[in-house]
Amino acid sequence: MAATGRTAPAVLVCGETRTCLLPSFQALDGRAAAQLLRLRADEQVSVSERPNLYALSPELLTGVDCRLPTANGAKVRAVGTVASRAALTEGRVLQASAWFSVPSAGPDTRRPWGHYLVRPGLVEPFGKLPEQATAQGVLRGSSRGELDLGMIAEGLLAQLLRHPLLDHKAPFKSRRTHLRWVARRAPAGEGASLERFTLAEDGLRTVELSLPEETPATAAVGLCEDLALHDWLLTTLVHMLDNSRLGAVDGPSAVLALRPAVDHLLHLWMPQAHVERTLGRLWDVLEREPGFTRQWQTLVQRIRDQLAVQAIPLLHEALSTR
Amino acid sequence: MTEAVFQETTAQPRTQSVPLSHLSLELGHLYMEDFEAGPERLREHFAEVRIWVDAARAAAARRTGGRRPRISTCFLIDDYFTRFSTPAELVPVVLAEAERAGLVIDYLARESGCAVADKIEPAESVMHRLVESPPPGSYGSRPPVSETGWLPNGQRTPTSRSAMGEVTGWQPPQETAARNHSVFMDVELWSEKDGQRLWSCPFLAAVWQLARLGLLRHLGAPVLAPRPWNGGDFPHDWDLLPPLLQLNASAAPFSAYRTCTLMPNRFLAVEDAVRLILDQVDVDSGALRQVAERSAREGAAVPAAVAQRATYVFYEEPTDAVLHGET
Amino acid sequence: MIVFAASDKGGTGRSVTSANLAYHRALAGDDVCYLDFDFGSPTAAAVFDVPDARQAAEDRGLHSYLIGEVGEPLRIDVWSDTEHRVLRNRPPGSGRLVLMPGDLSGGEFATGEENLRRCVDLLLRLNGEFDLIVVDLSAGRSYAVDMVLEATSKREMRGVDFRWLVFHRWTRQHVAAAASLVFGKRGIVAGGVARGHDEDALRSVIRFVRAAVPDPESPLWSQVSATQSAWMRECDRDLKQMSSALGIGYTQVLGSVPLEPVLQWREQLITDEDVLDSQIATRETWDALSDLAGRLTDDKYWEQA
């Protein structure tokens, strides 16, 4: 949570990650992914090929001067920049994140803009920050006129969706998920922990973290993007299985409906692939309960079993015509 | 934390540094119409500039605590908005007139190099780095600068939108950093014609300032690297002239901690717009850090705000009467 | 697939019919989104019977989104938010049915570059999420019509399939007005071509829907005198000839919706219960809507004439 300059250290980091299927008939390769995420012509898109294909855009900044969302209605004006970035996993799943850090207190007047520009991703409150109320306010969502992380993330997604590389012929329809998160500063001497993961309606998820002071904000972003990616995969696969009406309709058509999952989703499960080592173990609590990977494996097994069952008559046919 | 065993080069960015002088002194920023007026105009220009050059050198020396400052001089020719003559014809005249005034031009630049230089587009890169200073009430709606091509220093007069909507009277625009009263400014960064983007003079001038301040990078590598001149003839086509040519082999580095620009006072509005732009550019953080650290080590720490590193002398333009000395 | 619902004038039952089409497709398992682009008089909340949403959309609807005041327009899950007794029970196997209402106090507005960009962003986004997007447009040659013509001409939208339904009543004036809305000097085709659409391609995605058509063979009219009946047949024949002459004849028609009091007066979705149990709506209407809903995506009906 370190920030440069003569500013109090950040005590809270807040973010939102939006996850969707890339609206393109084919998955993008590394080159195309880098082209898509080239949000700044002069900055490198980071492309990793191990352990999976993962492209990460440069960071963008959006200036804000508005009230912070607060759960108790406290009116706190804040000025600064919100950082945002986009990530593409295996050329298939697109994510946009927006986040900001806040120190516990800030000056009572607005400073020259250059002061904020050299503190990317930092938003300074006027006076004292109501830390708890702000964290809850962010998780609840912004009211009109309050700092809107969702709007910034959505604006970035919209910009990417207009890219000429995308043909808008996605292999299947799917919903977006929104993951809002806050990271409070852990008491001295305590390690990072995942305090809560909440599955709400309409594709909304919220995450509460507690992180040591030295954890950079981007490490928290990376963790939350990883959580959001895998939650989206689960959400999407469950929805596909529901829609396929496995068991209710005849076999071949259900299998046909599940085909896109096999082609485009099943190979994407890889928790912690791009999470900083110190935060990777935060996955453990989700693996214990509810067991993300356990659920994924069950779903995958179910699909594979169906495919196998459907293959039996074909096999039979093939054998009998010999 | 230990270093990871496995590394991927495409996944790790880094920023190369550039050599830096104390001061980049611009001896002129001339447009084709200035050349059209003939060598007398240039002569008059350099004679005037010469006076201020000495002052700028003295000011730089004061800042370095008496040690001899590294100062490089440069001269910018507009070949972007209008094309006139050829380098072969024009550059020797410029050099001769400068020399007559006792001035040495270390680096010669073409303005179009700020738009496209060696197949990269510095202006577009800077455009991607604009982060608008948010007027109060900005809560995250997409900054429209990349759509509209206009960059203000505050809140514009709101326009009425909806049919049957509320009818409101005129409301004034508001400068965000106003002290009691506003000086509102709205700068056009580019225009579009036949699908072609034409960058505005202030925007290219802002790119030029960033280049002189050593703050431009492309994928971590320096932009507008000076090319040495072999002492031969200059080409007959502007496009064949390198975007930045080093004329003086023993010159101090092109980029510098600070810049000083000497120009006729009609450029005042343009350079005010340049400051407005520089104040809203999110400069490459690696380059910014390198310059800050090295200038501090040399006891010549730069101001945090990039626009504050640029100073100007606006002199009275020679009138035709002065030029021709008659009629 | 995006379906734009346009009409020459008011009173064609455009909103209520297109809402019924959305409903039928959702029943069949598609994820459907209905956008109320009738900015002058947003009515969709009433059609779907979601009165609370009407209030909620006061300043968070499509209008507020398009002018940039909110980041996302309000979404209403019709199955869960409707007060309609029947609709509340979402049938198994049905898809999502989402309404994006207009603002209560919206009003028509001139389209600028920014509104247009937001419109494109919204359509692109919904295209990734829904099988069918029904966009109900203000009557006549409106700003809404201009905006979507412009939006669909954009490069970014090239990969998105869209079709137009033009609703008109079965009268001489309406037939003439519908033909003019589409083929007239300032019509949809001319306006589209001016914005860069290919004329043939645009023509091939426009079909007409005849609304409130009295079927002379229907039992409804079995009591009328022989003279009346003959007159009705003659009128019907004349109208068909006229339609043909104006280029909106049989091959350009996707379907007809019978004159149905429930559609005209109640302006709500017709459920199977209205047909089977309370029998206030006729079987013919239900079937017509169902056929029409099916033909929306049946390429056979969209081949070039």
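Criteria and cut-off values
Residues numbered from 1 in each chain as written. Chains lettered and ligands numbered in written order. Predicted model: local features only at pLDDT ≥ 70, side-chain atom pairs only at ≥ 80, totals over all residues. Helix = DSSP H or I, 4+ residues; strand = E, 2+ residues; numbered from the N terminus. Buried ≥ 20, exposed ≤ 12 C-beta atoms within 10 Å, placed from the backbone. Contact = placed C-beta atoms within 7 Å. Rg over C-alpha atoms; globule rule 2.2 N^0.38 Å. Pairing = 2+ DSSP bridges. Domains from an automatic or database assignment. Nonpolar A, V, L, I, M, F, W, Y, C, P; charged D, E, K, R; others polar. Core = buried A, V, L, I, M, F, W, Y, C linked by C-beta atoms within 7 Å. Axes fitted to C-alpha atoms, helices over the stretch in contact; angles between N-to-C directions. Expected span 1.5 Å × (residues − 1). Arc of directions from axis to C-beta. Left-handed = near helix turned anticlockwise from the far one by under 90°. pLDDT = per-residue confidence, 0-100. Parallel < 35°, antiparallel > 145°, perpendicular 65-115°, else oblique.

A few points about the overall build of chain A
Right, so step 1: From N to C terminus, chain A includes 9 helices and 12 strands.
Right, so step 2: Taking the principal axes of the C-alpha coordinates as reference, chain A spans close to 85 × 40 × 35 Å.
Right, so step 3: Across the 322 residues in chain A, those meeting the buried criterion constitute 48%.
Right, so step 4: Considering only intrachain contacts with a sequence separation of at least 6, the fraction spanning at least 24 residues in chain A is 74%.

Remarks on the overall build of chain C
Right, so step 1: In terms of helices and strands, chain C carries 14 helices and 8 strands.
Right, so step 2: In terms of overall size, chain C behaves like a compact globule, its C-alpha atoms giving a radius of gyration of 19 Å where 305 residues would be expected to give roughly 19 Å.
Right, so step 3: Considering only C-alpha atoms, chain C reaches an extent of 60 × 45 × 35 Å along its principal axes.
Right, so step 4: Looking at chain C as a whole, 47% of its 305 residues qualify as buried.
Right, so step 5: The contacts in chain C between residues at least 6 apart in sequence include a share of 79% that link residues at least 24 apart.

Description of the pairing of strand E4 (residues 60-67) of chain A
Residues and elements named next belong to chain A.
Right, so step 1: Along E4, 8 of the 8 residues are buried, which leaves the element largely enclosed by surrounding structure.
Right, so step 2: As paired strands, E4 and strand E5 (residues 77-89) are joined by 8 bridges and run antiparallel to one another. Opposite Cys66, over in E5, you have Ala78 as the bridge partner.

So, the domain arrangement of chain A
All names here are of chain A.
Right, so step 1: Partitioning chain A into domains gives domain 1 (10-214) and domain 2 (234-320).
Right, so step 2: One C-alpha centre belongs to domain 1, the other to domain 2, and the line joining them spans 29 Å.
Right, so step 3: The interface of domain 1 with domain 2 comprises 16 residues on the first partner and 14 residues on the second.
Right, so step 4: When grouped by side-chain class, the residues that make up the side of domain 1 that touches domain 2 number 8 nonpolar, 6 polar and 2 charged.

Points about the interface of chain A and chain B
Right, so step 1: The interface of chain A with chain B comprises 31 residues on the first partner and 33 residues on the second.
Right, so step 2: Of all the secondary-structure elements, those providing two or more residues to the side of chain A that touches chain B are strand E2 (46-48), E4, E5, helix H2 (113-117) and helix H4 (149-161) of chain A.
Right, so step 3: For the side of chain A that touches chain B, the leading source of residues is E4(A), giving 6 residues.
Right, so step 4: Residue composition of the side of chain A that touches chain B, by class: 15 nonpolar, 9 polar and 7 charged.

Structural notes on the nonpolar core
Right, so step 1: Of all hydrophobic cores here, the largest spans 178 residues; its most connected members are A:Ala220, C:Leu99, C:Leu123, C:Val134, C:Val135 and C:Val166.
Right, so step 2: The residue makeup of this core includes at least three contributed by each of domain 1 (10-214) and domain 2 (234-320) of chain A.
Right, so step 3: Excluding anything up to four places from it in sequence, C:Val166 contacts C:Ala6, C:Ser7, C:Ala178, C:Leu181, C:Val182, C:Ile206, C:Phe208 and C:Val209.
Right, so step 4: Among the nonpolar cores identified, the runner-up in size contains 70 residues, and B:Leu42, B:Ala123, B:Leu151 and B:Leu204 belong to it.

Some words on the environment of B:Ser141
Right, so step 1: Within the secondary structure, B:Ser141 sits in the loop between helix H4 (122-128) and helix H5 (145-148).
Right, so step 2: For B:Ser141, a count of 19 C-beta atoms within 10 Å gives the class partly exposed.
Right, so step 3: Sequence-wise, B:Ser141 and B:Val18 are 123 residues apart; in three dimensions their C-alpha atoms are separated by 37 Å.
Right, so step 4: If sequence neighbours within four positions are ignored, B:Ser141 has contacts with A:Met151 and C:Gly68.

Focus on the sheet that holds strand E14 (residues 256-264) of chain B
Residues and elements named next belong to chain B.
Right, so step 1: The strand order across the open sheet formed by 7 strands is E12-E13-E3-E2-E1-E14-E15, and the pairing between neighbours is mixed. Looking at which strands have only one partner, the edges of the open sheet turn out to be strand E12 (227-228) and strand E15 (310-315).
Right, so step 2: Direction of pairing for strand E1 (residues 21-30) relative to E14: parallel, over a ladder of 5 bridges. Its bridge partner lying in E14, Leu23 is registered against Arg258.
Right, so step 3: Taken strand by strand, helix H6 (residues 201-212) contacts E1, strand E2 (71-77), E14 and E15, and its axis lies near 140° from that of E14.

Section: the sheet that holds strand E4 (residues 97-100) of chain C
Residue and element names in this part refer to chain C.
Right, so step 1: As summarised here, the arrangement of the 8 strands in space is E3-E4-E2-E5-E1-E6-E7-E8, forming an open sheet in which the pairing is mixed. The open sheet is flanked by strand E3 (76-77) and strand E8 (253-258), the only strands paired with a single partner.
Right, so step 2: With respect to the sheet, helix H7 (residues 143-153) is in contact with strand E1 (2-7), strand E2 (32-37), strand E5 (132-137) and strand E6 (162-169), its orientation differing from that of E5 by roughly 140°.

Some thoughts on the pairing of strand E9 (residues 196-199) of chain B
Residues and elements named next belong to chain B.
Right, so step 1: By the bridge criterion, 4 bridges tie strand E8 (residues 190-193) to E9 in an arrangement that is antiparallel. Each residue of the ladder has a partner; that of Lys193, found in E9, is Gln196.
Right, so step 2: In sequence, E8 turns back onto E9 through a hairpin of 2 residues, with Asp194 there showing a positive phi of about 50°.

Some remarks on unusual backbone geometry
All names here are of chain A.
Right, so step 1: A cis amide bond links Arg50 with the next residue in sequence, Pro51, at an omega value of -5°.
Right, so step 2: Its place among the elements puts Pro51 in the loop between E2 and strand E3 (54-56).
Right, so step 3: Of the consecutive residues Glu289 and Pro290, the connecting peptide bond is found in the cis state with omega at 5°.
Right, so step 4: Topologically, Pro290 is positioned in the loop between helix H8 (283-288) and helix H9 (292-320).

Considerations on helix H14 (residues 283-295) of chain C
Residues and elements named next belong to chain C.
Right, so step 1: With 13 residues, H14 extends 18 Å between its outermost C-alpha atoms, agreeing within 8% with the 18 Å of an ideal straight helix rising 1.5 Å per residue.
Right, so step 2: When we look at burial in H14, the residues that qualify are Thr285, Ala288, Leu289, Leu292 and Ala293. Along the axis of H14, the buried positions cluster into a sector of 130°, meaning they face one direction only. In H14, the exposed positions that point more than 90 degrees away from the buried face belong to Arg283 and Asp287.
Right, so step 3: Contacts from the buried residues of H14 go to helix H1 (14-27), strand E7 (206-213), E8 and helix H12 (261-266).

Structural notes on the packing of helix H5 (residues 217-244) of chain A against H9(A)
Residues and elements named next belong to chain A.
Right, so step 1: It is the contact of H5 with H9, at a shortest axis distance of 11 Å, that shows an interaxial angle of 35°. Considering only the axes of H5 and H9, their crossing is left-handed. Counted together, His230, Leu234, Leu237, Val238 and Leu241 of H5 and Phe292, Gln295, Trp296, Leu299 and Arg302 of H9 form the full contact between these two elements.
Right, so step 2: Residues belonging to the contact of H5 with H9 are distributed by class as follows: 7 nonpolar, 2 polar and 1 charged.

Some details on the environment of A:Thr109
All names here are of chain A.
Right, so step 1: Following the sequence through the fold, Thr109 ends up in the loop between strand E7 (105-106) and H2.
Right, so step 2: Owing to 7 C-beta atoms within 10 Å, Thr109 belongs among the exposed residues under this scheme.
Right, so step 3: It is 6.8 Å that separates the C-alpha atoms of Thr109 and Phe126, two residues lying 17 residues apart in sequence.

Observations concerning the confidence of the model for chain A
Residue and element names in this part refer to chain A.
Right, so step 1: In this model, chain A carries an average pLDDT of 92, and 96% of its residues clear a pLDDT of 70 or more.
Right, so step 2: Confidence, expressed as mean pLDDT per element, reaches its minimum in chain A at helix H6 (residues 251-264) with 82 and its maximum at strand E6 (residues 93-103) with 98.
Right, so step 3: When the criterion is pLDDT under 50, residues 1-5 qualifies, and its contacts beyond four places in sequence or with other chains add up to 21 contacts.

A look at the environment of A:Pro125
Residue and element names in this part refer to chain A.
Right, so step 1: Within the secondary structure layout, Pro125 lies in strand E8 (residues 123-125).
Right, so step 2: Residue Pro125 is classed as buried on the basis of its C-beta count, with 25 C-beta atoms lying within 10 Å.
Right, so step 3: With 142 residues separating them along the chain, Pro125 and His267 place their C-alpha atoms 44 Å apart.
Right, so step 4: Excluding residues that lie within four positions of it along the chain, Pro125 makes contacts with Leu68, Val76, Ala78, Val102, Ala105 and Gly106.

Some points on the packing of helix H6 (residues 113-129) of chain C against H7(C)
Residues and elements named next belong to chain C.
Right, so step 1: Viewed as axis vectors pointing N to C, H6 and H7 meet at an angle of 65°, and their least axial separation amounts to 9 Å. The pairing of H6 with H7 is recorded here as roughly perpendicular in orientation. Considering how the two elements wind past one another, H6 and H7 form a crossing that is right-handed. From H6, Asn115, Leu116, Cys119, Val120 and Leu123 reach across to H7, where they touch Met147, Glu150 and Ala151.
Right, so step 2: Its residues assigned to classes, the contact of H6 with H7 comprises 6 nonpolar, 1 polar and 1 charged.

Considerations on helix H3 (residues 87-100) of chain B
Residue and element names in this part refer to chain B.
Right, so step 1: Under the 1.5 Å per step criterion, the end-to-end length of H3 is 19 Å for 14 residues, consistent within 8% with the ideal 20 Å.
Right, so step 2: Here H3 has its buried residues at Pro87, Val91, Val94, Glu97 and Ala98. Along the axis of H3, the buried residues cluster in a sector spanning 135°; they form a single face. Within H3, the exposed residues directed more than 90 degrees away from the buried face are Glu89, Pro92, Ala96 and Glu99.
Right, so step 3: In this fold, the buried residues of H3 make contact with E1, helix H2 (39-63), E2 and strand E3 (107-110).
Right, so step 4: Gly102 sits one or two positions beyond H3 and adopts a positive phi of about 80°.

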